Amino acid sequence: MYRFLLTPRWWGINLFVVLAIPFCVFMGTWQLGRFEDRVQSHEQAEKRPDPSTRAAKPLDELLPVDKVTSGRPAVATGTYADQFLVPGRKLDDRQGFYVLNMLRTDSGKALPVVRGWLPGSATGARVPAAPEGEVTVTGDLQASENSRSDGVNARGGLPSGQVGMISAATLVNIVPYDVYDAWVTLPEAEAGGTGGAMKPVPAAAPEGSGLDLKAFQNLGYTGEWFVFAGFVLFMWFRLVRREAEAMRDIALGIVPEDPAAAPEGSAAPEAQAAPEAQDDPAAAEAPGASEAARKAPAAP
């Protein structure tokens, strides 16, 4: 009954099922591993001490910024140069902007320093000037922002003196000197400005260290891949059962409503009976005899 599984059409179906199910299982397992990695990173981050409570170290010893050094107090010495405003940044559910200054170090490279946050619009805002002369700053180290960071304006078109992203890749096109691929935020901001005293900007947790939406997306994708694997297997069994039932109906002489729906390799009962009629002389002559009988004149 199941010999139809060896027909060319079913070879293609079987090959698809054999390849699709392991692929779905592999992808589901991979997504589950991604979710477990994010959970493990989150647990490790919670067990570590608060980075801001650890001893401050020179900036160069903490670079490049990773999940371990992010938030660590970094010390740098230099003179403040260019100043920029970073609009569209919220603090305590209030809209405002960051005050960002470039600290030129002895190495010639500049470190972006967020001196504080002020409420309101950055356009036309008056902010306190940065201290003059050589200064030593200690701030919480942060990795350069990207287009996925909160509050980032990657569209551009900002007025002169404003930037939408605190990133070396962005700032190096604005200032005539090299920029560190990192920035610091001062834990105690300076006072002044028309909007009142600047508030310190708290350091953000390193990207990928918490159970964010992406972690639960990985978990959802895991379920989708496993469900799809089960669906492929279910549809294969359903098609096999439907084909077997059709073959059994034909064997019992039940003609399908649509002859084209007959299983491959089988023939309808009418087609199977046609050769038998040709081999039976009596059956072949019967229609002609009855026709002659109808045309013969009736006896008086």
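Keep in mind that what you see is a predicted model, and the values were worked out from it rather than measured.

Asks: What's the story with unusual backbone geometry in this structure? I'm lost.
Replies: Backbone phi values are negative for most residues with the exception of glycine, while trans is the configuration of most peptide bonds. With omega at -5 degrees, the peptide bond leading from leucine 63 into proline 64 counts as cis. Locating proline 64 in the fold gives a position in the loop between helix H2 (59-62) and strand S2 (73-91). In this structure, aspartate 93 takes a positive phi of about 60 degrees despite not being glycine. Checked against the element boundaries, aspartate 93 lands in the loop between S2 and strand S3 (94-105). Aspartate 93 gets classed as exposed once you look at its relative accessible area, which sits at 78%.

Asks: Looking at this structure, I do not really get the environment of tryptophan 117. What am I missing?
Replies: Among the secondary structure elements, tryptophan 117 is positioned in strand S4 (residues 110-119). By relative accessible area, tryptophan 117 is classed as buried at 1%. Expressed as a C-alpha distance, the spacing of tryptophan 117 and arginine 89, which sit 28 residues apart in the sequence, is 8.3 Å. The residues touching tryptophan 117, leaving out its near neighbours within four places in the chain, are Arg89, Lys90, Leu91, Arg94, Gln95, Gly96, Phe97, Tyr98, Ala197, Met198, Lys199 and Val201.

Asks: Please explain the pattern of salt bridges as it appears in this structure.
Replies: Two side chains with opposite charge may pair up if their charged atoms get near one another. Applying the stated rule across the entire model yields three salt bridges. The shortest N-O distance in the salt bridge between arginine 241 and glutamate 245 comes to 3.3 Å. Of this pair, arginine 241 and glutamate 245 both sit in helix H4 (residues 213-251), four residues apart, which is roughly one turn of the helix. On the basis of relative accessible area, glutamate 245 is assigned to the partly exposed category, the value being 31%.

Asks: It is not clear to me how the packing of aromatic side chains should be interpreted in this structure. Could you clarify?
Replies: Two aromatic rings are characterised by how far apart their centres lie and by the angle between their planes. Scanning all chains against the criterion turns up two aromatic pairs. Considering the side-chain rings of phenylalanine 23 and tryptophan 225, the 5.6 Å spacing of their centres and the 85 degrees angle between planes classify their relative orientation as edge-to-face. In this pair, phenylalanine 23 is assigned in helix H1 (residues 8-47) and tryptophan 225 in helix H4, connecting sequence segments 202 residues apart. A cation over a ring is seen here: arginine 104 above tyrosine 177, with NZ or CZ 4.2 Å from the ring centre.

Procedures and definitions
- Residues numbered from 1 in each chain as written.
- Predicted model: local features only at pLDDT ≥ 70, side-chain atom pairs only at ≥ 80, totals over all residues.
- Heavy atoms only, no water.
- Helix = DSSP H or I, 4+ residues; strand = E, 2+ residues; numbered from the N terminus.
- Buried < 20%, exposed > 50% of the residue type's maximum accessible area, 1.4 Å probe, protein only.
- Contact = heavy atoms within 4.5 Å.
- Salt bridge = Lys/Arg side-chain N within 4 Å of Asp/Glu carboxyl O.
- Phe/Tyr/Trp six-rings, centres within 6.5 Å; stacked < 30°, edge-to-face > 60°.
- Lys NZ or Arg CZ within 6 Å of the ring centre and 35° of its normal.

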